[in-house]
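Structural features, examined
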Number of protein chains: 2
Amino acid sequence: FRFAEVQRHGVGAERIWAIRGDRVYDITEWIPSHPGGEVILRAAGGLIDPYWKIFTIHQKQDVYDILEQYFIGVVDPRDLVDGHVPADRVEDPFKNDPHRDPRLSPHSDRPCNSETPASELVTFITPNSVFYVRNHLWVPPDDGDSHKITVELYDGTTKDYTLEDLRKTFQSHKITATLQCSGNRRKHMTLGARSTNGLQWDVGAIGTAEWTGVRLRDVLRDAGLDVEDLPEDTKHAQFVGEEAYGASIPIEKAVDKRGDVLLAYEMNGEPLPRDHGAPVRVIVPGHVAARSVKWVNKIIMSDEESTSQWQRRDYKCFGPNEGSKPDWEKARSIQEMPVQSAITSVKEFSSHEPEARSLIRVYGLEEDSIALQGYAFSGGGREIIRVDVSADNGHTWHQAELTNSDAKGHKSWAWKQWTLVMPKRLAGRWFIVKAIDEAYNCQPDSYDPTYNFRGNLTTAWHR
Amino acid sequence: FRFAEVQRHGVGAERIWAIRGDRVYDITEWIPSHPGGEVILRAAGGLIDPYWKIFTIHQKQDVYDILEQYFIGVVDPRDLVDGHVPADRVEDPFKNDPHRDPRLSPHSDRPCNSETPASELVTFITPNSVFYVRNHLWVPPDDGDSHKITVELYDGTTKDYTLEDLRKTFQSHKITATLQCSGNRRKHMTLGARSTNGLQWDVGAIGTAEWTGVRLRDVLRDAGLDVEDLPEDTKHAQFVGEEAYGASIPIEKAVDKRGDVLLAYEMNGEPLPRDHGAPVRVIVPGHVAARSVKWVNKIIMSDEESTSQWQRRDYKCFGPNEGSKPDWEKARSIQEMPVQSAITSVKEFSSHEPEARSLIRVYGLEEDSIALQGYAFSGGGREIIRVDVSADNGHTWHQAELTNSDAKGHKSWAWKQWTLVMPKRLAGRWFIVKAIDEAYNCQPDSYDPTYNFRGNLTTAWHR
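Fair warning: this is a prediction, and the values are worked out from it, not measured in the lab.

Analysis parameters
Residues numbered from 1 in each chain as written. Chains lettered and ligands numbered in written order. Predicted model: local features only at pLDDT ≥ 70, side-chain atom pairs only at ≥ 80, totals over all residues. Heavy atoms only, no water. Pairing = 2+ DSSP bridges. Helix = DSSP H or I, 4+ residues; strand = E, 2+ residues; numbered from the N terminus. Buried < 20%, exposed > 50% of the residue type's maximum accessible area, 1.4 Å probe, protein only. Disulfide = S-S within 2.5 Å. UniProt positions renumbered as here; feature names shortened; annotations may be inferred. Contact = heavy atoms within 4.5 Å. Buried area = accessible area lost by both parts, 1.4 Å probe. Salt bridge = Lys/Arg side-chain N within 4 Å of Asp/Glu carboxyl O. Polar contact = N/O pair within 3.5 Å; in protein donor to acceptor, adjacent residues only side chain to side chain. Least-squares fit on C-alpha atoms with pLDDT ≥ 70 in both. Domains from an automatic or database assignment. Phe/Tyr/Trp six-rings, centres within 6.5 Å; stacked < 30°, edge-to-face > 60°. Lys NZ or Arg CZ within 6 Å of the ring centre and 35° of its normal. pLDDT = per-residue confidence, 0-100.

Thoughts on the sheet that holds strand β18 (residues 369-377) of chain A
Residues and elements named next belong to chain A. Within the open sheet, the four strands sit side by side as β17-β18-β22-β21. Their pairing is antiparallel. Bordering the open sheet on either side are β17 (340-349) and β21 (401-402), each of which pairs with just one other strand. The pairing of β17 with β18 spans nine bridges and is classified as antiparallel. Along β18, the bridge assignment pairs S345 with Q373.

A short note on unusual backbone geometry
Here the residue pair R110 of chain A and P111 of chain A is connected by a cis peptide bond, since its omega of 0 degrees sits within 30 degrees of zero. A278 of chain B connects to P279 of chain B through a cis peptide bond whose omega is 10 degrees. Locating P279 of chain B in the fold gives a position in the loop between β14 (270-271) and β15 (281-283). A positive phi angle, close to 55 degrees, is found at D82 of chain B, a residue other than glycine. In this fold, D82 of chain B is placed in the loop between β3 (71-74) and β4 (105-108). D82 of chain B gets classed as exposed once you look at its relative accessible area, which sits at 73%.

Some points on the state of the cysteines
Residues and elements named next belong to chain B. For the structure shown, the criterion picks out zero disulfides over all chains. Lacking any disulfide linkage, C112 is separated from the closest cysteine sulfur, that of C181, by 13 Å. C112 gets classed as buried once you look at its relative accessible area, which sits at 3%. In this structure C181 is not part of a disulfide, and its nearest cysteine sulfur, from C317, lies 12 Å away. The class for C181 is buried, based on a relative accessible area of 6%.

A short note on the UniProt feature "domain: Cytochrome b5 heme-binding" (unreviewed entry) in chain A
Taking the UniProt record as the reference, the feature "domain: Cytochrome b5 heme-binding" (unreviewed entry) is found at residues 1-76 of chain A. With 25% helix and 16% strand, residues 1-76 of chain A has end C-alpha atoms that lie 5 Å from one another.

Some points on the interface of chain B and chain A
In this complex, chain B contributes 40 residues to the contact, which on the side of chain A involves 40 residues. Between chain B and chain A, a total of about 3100 Å² is buried, with carbon and sulfur atoms accounting for 47% of that surface. At the surface where chain B touches chain A, the tally comes to four salt bridges. One salt bridge connects K257 of chain B with E228 of chain A, and the closest N-O pair in it is separated by 3.2 Å. Remark: the boundary between chain B and chain A carries 19 residue pairs in polar contact (both at pLDDT 80 or more).

Focus on the relation of the copies chain B and chain A
Note that the two copies of the chain are related through a rotation about an axis and a translation along the same axis. Screw-axis analysis of chain B against chain A gives a translation of 0.0 Å along the axis, an RMSD of 0.2 Å, and a rotation angle of 180 degrees. Here the copies are linked by what is in effect a two-fold axis. By C-alpha distance to the rotation axis, the residue of chain B lying nearest is P444 of chain B, at 2.3 Å.

A word on the domain arrangement of chain A
Accessible area lost when the parts come together is the quantity often used to give the size of an interface. Residue and element names in this part refer to chain A. Split into domains, chain A comes out as domain 1 (3-89), domain 2 (105-313) and domain 3 (339-450). Here the C-alpha centre of domain 3 lies 29 Å away from the C-alpha centre of domain 2. In this complex, domain 2 contributes 33 residues to the contact, which on the side of domain 3 involves 27 residues. For the domain 2 face of the interface with domain 3, the top three residues by lost area are F124, R185 and R258, together amounting to 24%. Put simply, domain 2 and domain 3 have one salt bridge between them. Measuring nitrogen to oxygen at the nearest pair gives 2.8 Å for the salt bridge that ties K408 to E210.

Some words on the packing of aromatic side chains
Counting across every chain of the model gives 32 aromatic pairs over all chains. Measuring from centroid to centroid gives 6.2 Å for Y51 of chain B and W138 of chain B, while their planes differ by 80 degrees, and the two rings are edge-to-face. Note that Y51 of chain B is positioned in helix α2 (residues 49-54) and W138 of chain B in the loop between β6 (133-134) and β7 (148-152), a separation of 87 residues in sequence. Each of the two residues, Y51 of chain B as well as W138 of chain B, counts as buried. Each member of the aromatic cluster is reached from another via a ring pair, and the members are F131, Y132, W201 and W211 of chain A. Against the face of Y451 of chain A rests R194 of chain A, its NZ or CZ located 3.9 Å from the ring centre.

So, the environment of L272 of chain A
Residue and element names in this part refer to chain A. With respect to the helices and strands, L272 occurs in the loop between β14 (270-271) and β15 (281-283). It is 12 Å that separates the C-alpha atoms of L272 and L163, two residues lying 109 residues apart in sequence. Discounting residues that sit within four places of it in the chain, L272 has contacts with W211, A264, Y265, E266, M267, G277, A278, P279, V280 and R281.

Quick notes on the side chain of N184 of chain B
Along the polypeptide, N184 of chain B turns up in the loop between β9 (172-180) and α5 (186-192). Those residues within four positions of N184 of chain B in sequence are excluded, and the remaining contacts are W201, D202, V203, G204, A205, I206, Q340, Y375 and T458 of chain B.

A few points about the confidence of the model for chain A
Considering every residue of chain A, the mean pLDDT works out to 93; 97% of them sit at 70 or more. Interface confidence in the predicted complex, given as ipTM, is 0.88; pTM for the same model is 0.89.

Right under this line is the structure:
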């Protein structure tokens, strides 16, 4: 087939074709069975290869075998360069991604993964413009109030809501919640233990915002779910984003009155920015941010977790010995986060500097000093109750001052900012921080014992 | 006053007197204000001193000052030996304590604190006879079905229930829950860091039982509490035991449908043993056992925590630097427990021994081996998802096999038993265990950074 002919079998055509390498497939019959849903149509009338580079879950024999069933012929050699159709003939799905604030530190561009610099992490609320961006795919268009969300119950019945419906039908709520990527501080595990597989985030894959939206619980009840007496088969709430990302949370969290799960359309009092899920995203406070699905358009009650690679693979954690081919099925999906903390600012000043005067007033320090700042956070709404800082490699410890803040929500969904000022003469070469949450969970001392090849949940003491 | 005259001012007298040292006090007016409630009557017509040795919270100037206000005179020297009334003239409150199984390892006799030997910790259910005993005072008499519990709401209204009422009025439920003392493994912190203040428990201040009782939620609702929409001032559920022990839990836990808090009258299918709270005790699954108040006779809705020393002092934890005079007010009461694990059995087998045959069948081992067993547990119903064992001082790790068990309850309130069999040639001098719960919380590597002078929450890796 000539490439032009394949292109005529795109979205809207009676038969949908796609190319992998130099081979042409008629995937029409497969589309309804595709586990990833209609995102498959991105490849309609074009190339599969660039998508399978992103959706790596396809890179295995089972998947190749499925595709081969739909083989119908090969591409005309006149349209091939080095044996395959050139990638520039495919529309770039990232071409409409928004511009990003130059203060963000990029780790990858397509998809965008960009980190908040430590200097912007010292306020309780992280400004939208510098909030870390962790996208798995491209940013879909913002369709505003007409954006549609379909809620599907376990028995298959569905109810559709536009964003406008959500605003009009349900009471709005505000929740202050910290979002943190499971890969936050991965760089430290790489440096402290050994090489890890994933974006090498420093301390900035975390941020805190006030989210406004409607309660998922209210929407599910309206859609027909008995939230007080859950049906036997309804065990997980699966979310799908407009760009095809998918994840799920246990149904108990989704319907918990005190769980504060929102369908959020505002971030810090402004409409959601496109990078953060415009026009509407899920906010699952206390859970790894990967479950707070952006651009959500489907919410499905299921007896199983989302089948996406982000639920079944990427966001899991393993023993230090389990290597790079672990038993994925056996490991638990990351949901609630363990306790975490980091140092975000270290400032020295002499007692003669004007900046020191207010600190002298507060702390009574009359000598050259060091002021440390940082954050501490735990999952599941478990409040941070203590932050210990050492300036002599863990031999002695000081308790940092925790900053009070006006967080909204039934539990402690937001980090604590902390400060410690100490005389410079007490400080050695390193500072160490560790935090304790209200269940007295603490952080591991060192990186090796929590090493996992994915570099997830790096919570060893930050030095 | 002669001692005989003081004795006439005991329980039932118009004026209540008591002696401290050689001084006599008329405490009649103070009784209604006593923060510890009517336990004060234990000293009526007798000596205060032995009780203040038990209730150490009294050993401070504020309390002495209160008592001095009620001074009325001194004891006649004819009744004094070495300047005070001899202790044998006081009734022994412990004289009716039950007999204990000789397999328990005692730490103290009055009150009884006795630990389950490791050899009895290798079954999922811990038998009642060898379940660890952690009493703070004496064991009160078992008054059976006529035992009365008073529920008091924040507005002061009360409703009384006999145990018989509870059985007849409310549905019974069964919950499998592990109880663990905050001092479990304290001995290891003492050995691994430095001296701690408290009973030097080894691995046996923990056990698991199936508890039968009625839901506290149901009883509170019946008593008039709006459990779905809690009154503003109702923040804690305080419990008082017949012997005067007191503790509290956050009201959200008390009324949580999935929190499974019981008023329990059976333990492993038998009536509660006297040492474990007969005829009825509170079971607060997922929380430190100190909140599962035995011999409960009062349940009080309050805007503050229990004022007992066991809530405001003993069951708290501190930074490694906070010393023996910490800021008690600032520290959080221990409620949910952090993740914990221990090794309870290490057995060597030669492949020739008959006992090894079944292991060879299961694990395919054809050489001299070592079988390790132990438990792992986390608070808040967080399930144990992985147990890592090292036989070479933490350089390499193996995942233990977690034993499935038929635990009852909305969350994972019970420990996991684990097993690991490894070739003997891989084993060094030490074995280390650490566990991970479903929020991927892990245990600290070492004792020093979690040291606290009370030796609470010793969760560093067990070696």
